[in-house]
Amino acid sequence: MTDEGMNICVFVFPGKMPIPLKNLQQMALYLGVVSGGGCGLMYYFIQKTFAKKEYYLSAIEKLNSKSEALELLGAPPLKIHFLRLTDKYNQVNPSAAQIKIPVSGTISAGYLYTTSVRDSFSKRWDLQEVTLQLNNGQRIPVYNSNDDHREKELEQGL
């Protein structure tokens with residue numbers, strides 16, 4: 001048997017000594033850890049950015065004011081989990097936002113489906129609809145802007 005199959009390829013820079021395979025492995029491991037940590041940090045900051053947005057905060061506020069939905073979840077404590085950034089339902093553009101927020105309590109878990117539009121003049125987000133869908137398939141309407149408008153019309157008519 002010859003040594004031809006046992007040769008290890010290493011990088012050689014012109015005028016330099018070859019880099020041992022062990023050093024290359026250490027460098028690859030180091031770069032993998034650094035890039036993985038960078039991606040994890042970026043993911044965390046993206047999540048925090050979403051959590052500060054008006055369309056996100058107002059939907060959570062509406063859920064917290066709906067005692068029936070909180071009871072079904074077993075909240076308090078209400079746990080709000082990270083968004084799935086790859087979920088096709090989550091879409092935000094300059095004029096509309098549609099997000100699916102994972103929530104859970106001590107009894108159940110589910111998703112808070114929200115839809116918001118942005119007023120072109122005031123640049124504020126107006127919540128249109130919030131629905132809690134539990135993992136068992138039950139849907140609980142939390143907020144609908146049409147109901148708000150009807151209530152205001154009734155108050156003005158009286």
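Residues numbered from 1 in each chain as written. Predicted model: local features only at pLDDT ≥ 70, side-chain atom pairs only at ≥ 80, totals over all residues. Heavy atoms only, no water.

The name an unreviewed UniProt entry gives the protein chain is Cytochrome c oxidase assembly factor 1 homolog, with Pelobates cultripes as the organism.

## Looking at the overall build of the protein chain
Along the protein chain, the regular secondary structure elements total four helices and six strands. When burial is assessed residue by residue, the protein chain has 25% of its 158 residues classed as buried. Of the contacts made within the protein chain by residues no fewer than 6 positions apart, 44% connect residues no fewer than 24 positions apart. (Helix = DSSP H or I, 4+ residues; strand = E, 2+ residues; numbered from the N terminus. Buried < 20%, exposed > 50% of the residue type's maximum accessible area, 1.4 Å probe, protein only. Contact = heavy atoms within 4.5 Å.)

## Remarks on the packing of aromatic side chains
Following the criterion strictly, the structure yields six aromatic pairs and no others. Through pairs of rings, three or more aromatic residues link up here, namely Tyr43, Tyr44, Phe45 and Phe82. In this arrangement the basic side chain of Lys100 is found over the ring face of Tyr111, its NZ or CZ atom lying 4.5 Å from the centre. (Phe/Tyr/Trp six-rings, centres within 6.5 Å; stacked < 30°, edge-to-face > 60°. Lys NZ or Arg CZ within 6 Å of the ring centre and 35° of its normal.)

## Points about the pairing of strand β6 (residues 139-144)
For strand β5 (residues 125-134) and β6, the ladder comprises five bridges, and the chain directions are antiparallel. Across the sheet, the residue bridging to Glu129 is Asn144, located in β6. (Pairing = 2+ DSSP bridges.)

## Observations regarding the UniProt feature "transmembrane region" (unreviewed entry) in the protein chain
With numbering matched to this structure, UniProt assigns "transmembrane region" (unreviewed entry) to residues 27-46. In residues 27-46, the share of helix is 100% and the share of strand is 0%. The end C-alpha atoms are 28 Å apart. (UniProt positions renumbered as here; feature names shortened; annotations may be inferred.)

## Structural notes on the side chain of Lys100
Inspection of the secondary structure assignment puts Lys100 in strand β3 (residues 96-104). Polar contacts involving the side chain of Lys100 include one to the side chain of Asp87, which spans 2.8 Å. Not counting residues up to four positions away in its chain, the partners in contact with Lys100 are Leu83, Asp87, Tyr89, Asn90, Tyr111, Leu112 and Tyr113. (Polar contact = N/O pair within 3.5 Å; in protein donor to acceptor, adjacent residues only side chain to side chain.)

## What to know about a nonpolar patch on the surface
Residues Leu41, Met42, Tyr43, Tyr44, Phe45, Ile46, Phe82 and Leu85 make up a contiguous nonpolar surface patch of about 750 Å² in total accessible area. Relative to the elements of secondary structure, Ile46 occurs in helix α1 (residues 21-51). (Patch = residues over 30% accessible without salt bridge, like charges linked within 9 Å, V, L, I, M, F, W, Y side chains within 5 Å. Areas by Shrake-Rupley, 256 points an atom, 1.4 Å probe, with all protein chains shown as cover. Salt bridge = Lys/Arg side-chain N within 4 Å of Asp/Glu carboxyl O.)

## Here we look at the nonpolar core
One recurring pattern in soluble globular proteins: nonpolar side chains tend to sit buried together. Counting 24 residues, the largest nonpolar core has Leu63, Ile101, Leu112 and Leu132 as the members making the most contacts within it. Of all the secondary-structure elements, those providing two or more residues to this core are α2 (54-64), α3 (67-73), β3, β5 and β6. Residues contacting Leu112, with those up to four places away along its chain left out, are Ala59, Ile60, Leu63, Ile99, Lys100, Ile101, Val130, Thr131, Leu132 and Val142. (Core = buried A, V, L, I, M, F, W, Y, C linked by side-chain atoms within 4.5 Å.)

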